[in-house]
Amino acid sequence: MSEQSPADEPDTPCVAICSTLFDEVCRGCGRTVMEVANWVFMTPEEKRAVWTRIRAEGYPRRDIQGLTDRPERR
């Protein structure tokens, strides 16, 4: 299994499909609420550990049924 080098990785796994207001684990990026909240304070090693875990779990995800189809609030 080859890992991307840090230069090839985006800074964050966020895919702008956030569910952390409703879920303990975001259905878009796979991070926990605490990982999302503390991302900017994490060390590169901590971020790599999160990247490794979420990729193993099949994240980040895009076009998630039920999230992208939500009607916009007015």
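Just above, that's the structure.
About the thresholds
Residues numbered from 1 in each chain as written. Predicted model: local features only at pLDDT ≥ 70, side-chain atom pairs only at ≥ 80, totals over all residues. Heavy atoms only, no water. Helix = DSSP H or I, 4+ residues; strand = E, 2+ residues; numbered from the N terminus. Buried < 20%, exposed > 50% of the residue type's maximum accessible area, 1.4 Å probe, protein only. Contact = heavy atoms within 4.5 Å. Areas by Shrake-Rupley, 256 points an atom, 1.4 Å probe, with all protein chains shown as cover. Salt bridge = Lys/Arg side-chain N within 4 Å of Asp/Glu carboxyl O. Polar contact = N/O pair within 3.5 Å; in protein donor to acceptor, adjacent residues only side chain to side chain. Core = buried A, V, L, I, M, F, W, Y, C linked by side-chain atoms within 4.5 Å. Disulfide = S-S within 2.5 Å.

J.: Just to check I follow, could you spell out the overall build of the protein for this structure?
T.: The helix and strand inventory of the protein stands at two helices and zero strands. Looking at the protein residue by residue over its 74 residues, the buried ones come to 27%. Taking the contacts inside the protein whose residues are at least 6 apart along the sequence as the reference set, 53% of them involve residues at least 24 apart. On the protein, roughly 5,500 Å² of surface is accessible, and the fraction owed to carbon and sulfur atoms is 53%.

J.: What is the right way to read the pattern of salt bridges from this model?
T.: Side chains that carry opposite charge are capable of pairing whenever their charged atoms lie near each other. Inspection of every chain in the model, using the stated rule, returns five salt bridges. Two residues, Arg-53 and Glu-35, come together in a salt bridge whose shortest N-O distance is 2.7 Å. One end of the pair, Arg-53, is in helix α2 (residues 44-56); the other, Glu-35, is in helix α1 (residues 33-38), and 18 residues separate them in sequence. One salt-bridge network, held together by shared partners, links Glu-35, Arg-53 and Glu-57.

J.: How do you make sense of the environment of Arg-53 when you look at a structure like this?
T.: Residue Arg-53 is classed as partly exposed on the basis of its relative accessible area of 28%. Arg-53 sits 22 residues away from Arg-31 along the chain, and the two C-alpha atoms are 9.1 Å apart. Those residues in contact with Arg-53 that sit more than four places away from it in its chain are Gly-30, Arg-31, Thr-32 and Glu-35. Here Gly-30 takes part through its backbone oxygen, which lies 3.1 Å from a polar atom of the side chain of Arg-53.

J.: For this particular structure, what's the right way to read the nonpolar core?
T.: Side chains that are nonpolar tend, in soluble globular proteins, to be buried together. Residues Trp-39, Met-42, Val-50, Trp-51, Ile-54 and Tyr-59 constitute the largest nonpolar core, which totals six residues. Excluding its chain neighbours within four sequence positions, the residues that come into contact with Ile-54 are Pro-13, Cys-29, Gly-30, Arg-31 and Tyr-59.

J.: Is there a simple way to explain the state of the cysteines in this structure?
T.: Covalently bonding the sulfur atom of one cysteine to the sulfur atom of another cysteine gives a disulfide. Taken as a whole and assessed by the stated rule, the structure comprises zero disulfides. The structure places no disulfide on Cys-14, whose sulfur is separated from the nearest cysteine sulfur, that of Cys-18, by 4.3 Å. We classify Cys-14 as partly exposed; its relative accessible area is 35%.

J.: How do you make sense of unusual backbone geometry when you look at a structure like this?
T.: Excluding glycine, most residues fall at negative phi; most peptide bonds, likewise, are trans. Note that the residue after Tyr-59, namely Pro-60, is joined by a cis bond; omega there is -10°. In this model, Ala-16 sits at a positive phi of 60°, which is unusual for a non-glycine residue. Position of Ala-16 relative to the elements: it lies in the segment before α1. Residue Ala-16 is classed as exposed on the basis of its relative accessible area of 66%.

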